Amino acid sequence: MDDNQQLECSYSEDLFGDYDSLLEDESLLAKLDQADKMAACGADALSEPVADAPAADTAREDSPRGCQEAKRRKVNGSPAPPGGAQDPRRRSVSERLKTTLRSNAAAPAGPARSLAMKEAALSREVGGAVRDVEEARARPDDLGPFFGLPAKVKELLFTQRGIQSLYAWQETCLGLDCVRSRRNLIYTLPTSGGKTLVAELLMLRQLLCANNNCIFVLPYVALVQEKVRALSPLGLELDFLVEEYAGSKGRLPPVSRRGQRSLYVATIEKAHALVNALVEADRLRRVGLVVVDELHMLGAGSRGALLEITLAKVLHLSPDTQIIGMSATLGNIGELQTFLKAENYHDDFRPVRLKEYVKLGDGIYEVDAKEDEPFRLCRRLQLKYSSAMQRADPDHVIALVTEVIPKHSCLLFCPTKNNCENVALMICKYLRRDFLQHRQADKEALLRQLKECGGGRMCPILRKTLPLGVAYHHGGLTADERQLLEDAYAAGVLCLIACTSTLAAGVNLPARRVIVRAPLVARECLKTSQYKQMAGRAGRAGLDSEGESILILQEAQRHQATALLCAPVENCYSCLLDDQRKSLLGLILSLVGLKVASRMEDLEEFVRGTLLFVQRQRADAHLDDVLRECLHLLKVKGLVQVQGHSLQVTQLGRATFKGCVDVSHSEILYRNLQQGLDGLLLNTFLHLLYLVTPYDLADACKPDWMTFYTQMSSLSSPELKMCAAAGVPEGLLARKAAGQSVSKSADMCAAKRMYLSLVLMSLLRDGDVWGVAQKFQLSRGFVQSLLASAAAFCCCVLHFTQEVDALWPYRSLLEALTRRLSYCVKAELVPLMEVAGVMEARAKQLHAAGYTTLTHLANADAALLVRTVERLSRKQANQIVASAKMLLNEKAAALQQEVDHLLAPPTDLPE
């Protein structure tokens, strides 16, 4: 084409309508048009240009142009790109290609470019565009522009949580190649770095895009309930169910629903039972993602062993299921990666800078672990202490807390429960009186609520400290009290909480300053991981520019503190062989019962996929020999039988693993249940309660023998006979109450369990935690914990009896008892307490306001709830309504599934 001809070309003319492919196979533009049309039918992401979809990027993100495009796409709170035909970013690939070629045709060709070079470059660009369109169409986990999710997810995060943008590390983590290709991942960041949001977005990808279920494993019941409340609003908007699996809650196996996905939020124990049930129902492969928060719990005794067993089963039986583990404190990452077949991502990001200090004498020393001398003096405390104050507070805790309160918040971690209470009282004794005026009306309302939840009674220590904005927090408080104090602290009504280390691993309560009273937990030395969790609470994102942690030391503890602050986080070791190998015994029993292993070789193959095998050099013996010893012990216990080379569970073995009963307790449980059939006492709860009192709590119980004898003396004659048959005669208690020695053959475990059974019976009869705790010389927190543990174990015993035909009389009795123990309140409050996080005090408020049923709550107006229920924030009201709606939807879906099953024609109908 000469220059004159080139000038005569019209820029608006379509030169490519009938242009054939350079590859001479079919029309290139027709192929692109077809790809665009097919992509447009698939998902929101493909209605955007390929180059603008995060998971289907025309420009590869590992290329320079792709990196620039990826940065442009990052979520930074800016408005979404405008839609419509006028936006060049929404044009189809073929239209963009035509425009590019028209520009090339209109521009004068440089003398250095040959026709062959132009055709080769064009061919490469077109080929790449076609391949990327095809890949985008084939990618199942991409529905939109927000990291593969619809733009609605971004809108919901902003409207419901105020999240306008993601942190840079979150964007990087979500864009990792292993995440995009659904390989397993372990990621570690400091506390409060935003780890959970990444996991939530990955779960949403599976729920919405891949149409798979997900399991979210959390270490504590309170965290499960908190997460159910937080995720329920998202589930309602995006049409998936959020199901709680904690304590006695959760169906096993879960209801199988057509066309609706479920997010199972579970404790470690419930996640183990859930995976077993899904394996038996052959539905584990429908779980697309398992997320484990606080992955370092793998090294936490029997609970860590359960977590290891659960993950090993997922790895072995459903290799396509992705596993994501996250933690702030992990030492031996390499071994955990080998176990989980995972990649690792680490970042030191914190939204608020953390400065660590130690206090020695009156000096505050900044910590720098990289220096040879890690402590550098930065200031001296300005002390105005009287001699009385110096005697009461030799560690100058008052001076440290009054530097920040009441304007800012402070957490004071103490070694023991008694220390928490004593320090809170001591601080309040010397605070200025103007602390009383800070949020005075709110503190008065808090005092009223605490009094109501205690049935008119209140802790005398809290009555003295709360007016000054100070409280204590430990396991001796009831769940209602802890919830009220946590809410008040989060709202700024309380400015100081003296707490034990459990608060650091529980709900998220950040502070401007964290003070660690001593490098101790009870009488044990503080671990580096525990210290990191405590110190990590310092710094409130969006409120503070920095956070401070101060560890109080005595001069003799200086060397110990240096090791604590500068040492790496402790390694995480398998606990399968701990406690006389009972966790490994349980694993073998469940593998045989689930028909995962029918031969010794199958067991050996499975164990090679555990963390124990990765760390086998730490074992005292060869693992194959350990397996044979465990198998022999199970055979002796009558739980497994061996026929030739074939392994099978007995009826008792099946009941043990189905009920998630400890192998060491299954025999005595079975014997007690059988004995009960000969004369089951039904005119009182005592006999059933004794059968479902957890065995492991007996070890931690220290009965007041005089109280025990007094309560035993008030029992009826049939109840006394039942106690004697259980191995707890009245004479035994009389001797213990008198301080006399008892026979070595006396069953003290049975005696302690009977004591706890009396506590439970008093609770069911009176419903008064305070009164029962005072009567039996126990903390009210322990009494409530006993109730929750008994409800969970009662559920286990129920599943146990369902596998043994001879135990059929227990089934309906234990089902009713589980419900009574789960709530232990008046019948009218039970429907309200089914909602995640609604405790007795809140349920009473809601009932008094006229919300008497689950349907009432599900259809309530959140704004009206805030006006009618005292000290209920708008966020809490929205979460309660959303959780009620979610629970109502779950029940309706289960009923609909049952209807569909009943109406469906049988598959085996004779012709």
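Residues numbered from 1 in each chain as written. Predicted model: local features only at pLDDT ≥ 70, side-chain atom pairs only at ≥ 80, totals over all residues. Heavy atoms only, no water.

Undergrad: Help me understand the overall build of the protein chain, please; the structure alone is not making it clear to me.
TA: Summing up its helical and strand segments, the protein chain has 42 helices and 19 strands in all. The buried share of the protein chain, reckoned over its 911 residues, is 51%. Across the protein chain, the fraction of contacts at a sequence separation of at least 24, relative to all contacts at a separation of at least 6, is 71%. With the model as given, the accessible surface of the protein chain reaches about 41,700 Å², and the carbon-plus-sulfur share is 51%. (Helix = DSSP H or I, 4+ residues; strand = E, 2+ residues; numbered from the N terminus. Buried < 20%, exposed > 50% of the residue type's maximum accessible area, 1.4 Å probe, protein only. Contact = heavy atoms within 4.5 Å. Areas by Shrake-Rupley, 256 points an atom, 1.4 Å probe, with all protein chains shown as cover.)

Undergrad: Would you mind showing me how to read the side chain of Ser 590 here?
TA: Within the secondary structure, Ser 590 sits in helix α23 (residues 578-593). By relative accessible area, Ser 590 is classed as buried at 3%. Setting aside residues no more than four positions away along its own chain, Ser 590 makes contact with Asn 276, Lys 313 and Phe 657.

Undergrad: Even after reading the chapter, I still don't get unusual backbone geometry, so can you show me in this structure?
TA: Of all residues except glycine, most have a negative phi; of all peptide bonds, most are trans. Geometrically, the link from Leu 252 to Pro 253 is a cis peptide bond, its omega value of -5 degrees lying close to zero. Mapped onto the elements, Pro 253 comes out in the loop between β3 (241-245) and β4 (262-266). Even without a glycine there, the phi angle at Asp 282 is positive, about 55 degrees. Within the secondary structure, Asp 282 sits in the loop between α12 (268-280) and β5 (287-293).

Undergrad: Looking at this structure, how should I read the packing of aromatic side chains?
TA: To describe a pair of aromatic rings, you give the distance between the ring centres and the angle between the ring planes. Going through the model one piece at a time under the given rule, you end up with nine aromatic pairs. Aromatic side chains Trp 169 and Tyr 187 sit 6.0 Å apart centroid to centroid with 45 degrees between the ring planes, which places their arrangement in the tilted category. Residue Trp 169 is located in helix α8 (residues 168-174), and its partner Tyr 187 is located in strand β1 (residues 184-188); the two are separated by 18 residues in the primary sequence. Each member of the pair, Trp 169 as well as Tyr 187, is classed as buried. (Phe/Tyr/Trp six-rings, centres within 6.5 Å; stacked < 30°, edge-to-face > 60°.)

Undergrad: Hey, could you run me through a nonpolar patch on the surface in this one?
TA: Together, Val 899, Leu 902 and Leu 903 make up an exposed nonpolar region whose accessible area comes to about 330 Å². If you trace the backbone, Leu 903 turns up in helix α42 (residues 874-903). (Patch = residues over 30% accessible without salt bridge, like charges linked within 9 Å, V, L, I, M, F, W, Y side chains within 5 Å. Salt bridge = Lys/Arg side-chain N within 4 Å of Asp/Glu carboxyl O.)

Undergrad: Sorry if this is basic, but what is going on with the confidence of the model for the protein chain here?
TA: Parts of the prediction with low pLDDT should not have their coordinates interpreted in detail. This prediction gives the protein chain a mean pLDDT of 85; 84% of its residues lie at or above 70. For residues 1-26, every residue scores under 50 in pLDDT, and the model assigns this stretch 27 contacts once sequence neighbours within four places are set aside. A low-confidence stretch, residues 42-90 (pLDDT under 50), is modelled with 89 contacts involving residues beyond four sequence positions or located in other chains. (pLDDT = per-residue confidence, 0-100.)

Undergrad: Mind showing me how you'd approach the sheet that holds strand β14 (residues 513-516) here?
TA: The strands that make up a sheet pair up through hydrogen bonds in the backbone, lying either parallel or antiparallel. What the eight strands build is an open sheet, ordered β10-β9-β8-β17-β14-β11-β13-β12; its pairing is mixed. Edge positions in the sheet fall to β10 (375-380) and β12 (470-473), since each has one partner strand and no second. Ignoring strand direction, the axes of neighbouring strands in this sheet form an average angle of 25 degrees. Where strand β9 (residues 363-367) meets β10, five bridges bridge the pair, whose relative direction is antiparallel. In the sheet register, Glu 366 faces β10, and the bridge partner there is Arg 376. (Pairing = 2+ DSSP bridges. Axes fitted to C-alpha atoms, helices over the stretch in contact; angles between N-to-C directions.)

Undergrad: Explain the pairing of β9 to me, please; I cannot follow it from the model alone.
TA: If a strand is regular, its side chains alternate between the two faces of the sheet. With four of five residues buried, β9 lies mostly within the body of the structure. When strand β8 (residues 353-360) meets β9, the two strands line up antiparallel, connected through four bridges. Residue pairing in the sheet places Val 358 in a bridge with Tyr 365 of β9. Hairpin connection from β8 to β9: two residues lie between these consecutive antiparallel strands, with Gly 361 at a positive phi of about 65 degrees.

Undergrad: What is the right way to read the sheet that holds β4 from this model?
TA: Ordered by their spatial adjacency, seven strands build an open sheet running β3-β4-β2-β5-β6-β1-β7, and the pairing between neighbours is parallel. Here the strands that pair on one side only, and so sit at the sheet edges, are β3 and β7 (342-346). Neighbour-to-neighbour, the strand axes of this sheet turn through a mean angle of 15 degrees, independent of strand direction. Running over the sheet, α12 touches β2 (213-217), β3, β4 and β5 and is turned about 150 degrees from β2.

Undergrad: What should I look at first to understand the nonpolar core in this one?
TA: Generally speaking, nonpolar side chains in soluble globular proteins are found buried as a group. Leu 311 and Leu 821 are the most contacted members of the largest nonpolar core, which totals 122 residues. Of all the elements, helix α34 (residues 748-766) adds the most residues to this core, at eleven residues. When sequence neighbours within four positions are dropped, the list of residues in contact with Leu 311 reads Val 290, Val 292, Leu 295, Leu 298, Ile 323, Phe 339 and Leu 340. In this structure, Val 397, Leu 411, Leu 496 and Ala 538 belong to the second largest nonpolar core, which totals 77 residues. (Core = buried A, V, L, I, M, F, W, Y, C linked by side-chain atoms within 4.5 Å.)

Undergrad: Any chance you could explain the packing of helix α7 (residues 151-161) against helix α11 (residues 221-238) here in plain terms?
TA: The packing of two helices is summarised by the inter-axis angle and the distance between the axes. Where α7 contacts α11, the axes come no closer than 11 Å and their chain directions differ by 140 degrees. Taken together, α7 and α11 sit at an angle that is classed as oblique. The two elements α7 and α11 meet at a crossing, and its hand is right-handed. Facing α7, whose interface residues are Lys 152, Val 153, Leu 156, Gln 160 and Arg 161, α11 presents Ala 230, Leu 231, Pro 233, Leu 234, Glu 237 and Leu 238. Taken together, the residues of the contact of α7 with α11 break down into seven nonpolar, one polar and three charged. (Parallel < 35°, antiparallel > 145°, perpendicular 65-115°, else oblique. Left-handed = near helix turned anticlockwise from the far one by under 90°. Nonpolar A, V, L, I, M, F, W, Y, C, P; charged D, E, K, R; others polar.)

Undergrad: Explain the pattern of salt bridges to me, please; I cannot follow it from the model alone.
TA: Side chains that differ in charge, positive against negative, can pair when their charged atoms come close. Taken as a whole and assessed by the stated rule, the structure comprises 37 salt bridges. Notably, a salt bridge pairs Asp 662 with Lys 582, separated by 3.0 Å at the nearest N-O pair. Remark: Lys 582 occurs in helix α23 and Asp 662 occurs in the loop between α27 (651-658) and α28 (663-678); sequence separation between them is 80 residues. Beyond isolated ion pairs, a larger network of salt bridges with shared partners links Glu 280, Arg 654, Lys 658 and Glu 803.

Undergrad: Please clarify how the side chain of Arg 780 should be interpreted in this entry.
TA: Tracing the sequence through the fold places Arg 780 in helix α36 (residues 780-801). Given the relative accessible area of 13%, Arg 780 is considered buried. There is a polar contact of 2.8 Å between the side chain of Arg 780 and the side chain of Glu 481. For Arg 780, the residues in contact, after removing those within four places along its chain, are Cys 459, Tyr 472, Gly 476, Leu 477, Thr 478, Glu 481, Val 769, Trp 770 and Ala 773. (Polar contact = N/O pair within 3.5 Å; in protein donor to acceptor, adjacent residues only side chain to side chain.)

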